[in-house]
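Descriptive structure summary
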Amino acid sequence: MNKPNSQGRNKVTVTLNRRARFEYFIEESYEAGMVLMGTEVKSIRQSKISLDESFCEFNDLGELFVVNMTIEEYLYGHSYNHKTKSERKLLLNKQELKKLHKEVQNVGLTIVPLRLFLTEKGWAKLEIALCKGKKNYDKREVIKDRDNKRDLAR
C-alpha cells in the first residue's frame, strides 16, 4: 500500500493500528523516527510487528517513548536479537516534544501510534497522534453509522 506524500515520495505502510481510530478522536498527527536495532528493522521489513495496545509516554527527561509495541524476534538474529516488547525512543523536534508534553499534562490527551511505515530511504517511521478518548455512546454511534452505510451499499 504505497501513499505518495507532499514531496512525491512513496511511503510503504507496514502496519496499521485500526483500533486507535475506533477508540479515540484524533486531534493532530506527527511523523516520528525511532531508535532501533538492526534486527528490529529487519523484522519490521518482514511485517512482524503489532501496534495493538501500544501507546506513547514521556520519561523524566522529557523524551518520548513508545510502549507495548511488539516487534517479533528476527529469525536469523541468534544472540544479537532484541526484546519483543521493549520501550523504543521516538525522535521528534524539540518544539513538537514540548507541545505534546504540554498537551498530555494539561489537557489530558493521549499519544497513540497510528501506523508504521518505511520511507523511500528504508527508514522506519511511526505516525503518532494526539488523541482524546471516546465514550461508549460515541463508539456505539460509529458502529450504527458503519452498519447503515453497509445496508445502503447493498
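Scroll up for the structure.
Here we summarise the structure given alongside this text. (Residues numbered from 1 in each chain as written. Predicted model: local features only at pLDDT ≥ 70, side-chain atom pairs only at ≥ 80, totals over all residues. Heavy atoms only, no water.)

Scanning the protein for helices and strands turns up 4 helices and 10 strands. Helices (α) and strands (β) of the protein occur, in sequence order from the N terminus, as β-β-α-β-α-β-β-β-β-β-α-β-β-α. Expressed as lengths along the three principal axes of its C-alpha atoms, the size of the protein is roughly 50 × 40 × 35 Å. Within the protein, buried positions represent 38% of all 154 residues. In the protein, 64% of the contacts between residues at least 6 apart in sequence involve partners at least 24 apart. Total accessible area computed for the protein in this model is approximately 10200 Å², and 46% of it derives from carbon and sulfur atoms. For the protein, the distance from the average position of its 30 positive side-chain charges to the average position of its 22 negative side-chain charges is 3 Å. (Helix = DSSP H or I, 4+ residues; strand = E, 2+ residues; numbered from the N terminus. Buried < 20%, exposed > 50% of the residue type's maximum accessible area, 1.4 Å probe, protein only. Contact = heavy atoms within 4.5 Å. Areas by Shrake-Rupley, 256 points an atom, 1.4 Å probe, with all protein chains shown as cover. Lys, Arg positive; Asp, Glu negative; His and termini not counted. Charge placed at Lys NZ, Arg CZ, Asp CG, Glu CD.)

Along any regular strand the residues' side chains alternate between the sheet's two faces. Covered by surrounding structure in strand β5 (residues 55-58) are Cys56 and Phe58 only, the residues Phe55 and Glu57 on the alternate face being uncovered. The pairing of β5 with strand β6 (residues 64-67) spans 4 bridges and is classified as antiparallel. What sits directly across from glutamate 57, in β6, is phenylalanine 65. Hairpin connection of β5 to β6: 5 residues between the antiparallel strands, including glycine 62 at a positive phi of 85°. (Pairing = 2+ DSSP bridges.)

Turning our attention to the side chain of asparagine 17. Considering the arrangement of structural elements, one finds asparagine 17 in the loop between β2 (10-16) and α1 (18-23). A polar side-chain atom of asparagine 17 sits 3.5 Å from the main-chain carbonyl oxygen of leucine 51. Residues in contact with asparagine 17, not counting those within four places in the same chain, are Leu51, Asp52, Ser54, Val112, Pro113 and Leu114. (Polar contact = N/O pair within 3.5 Å; in protein donor to acceptor, adjacent residues only side chain to side chain.)

Moving on, we come to the side chain of threonine 39. Examined against the element boundaries, threonine 39 turns out to sit in helix α2 (residues 38-45). In this structure threonine 39 comes out as buried when scored by relative accessible area, which is 11%. The residues touching threonine 39, leaving out its near neighbours within four places in the chain, are Tyr74, Gly77, Tyr80, Asn81 and His82.

With that settled, the discussion passes to the pairing of β6. The side-chain alternation of β6 yields two buried faces, one formed by Leu64 and Val66 and the other by Phe65 and Val67. Pairing analysis gives 2 bridges linking β6 to strand β8 (residues 88-91), with the strands arranged antiparallel. Looking across to β8, one finds that phenylalanine 65 is bridged to lysine 89.

Note that every value here comes from positions in space, so none of it alone points to a role or purpose.
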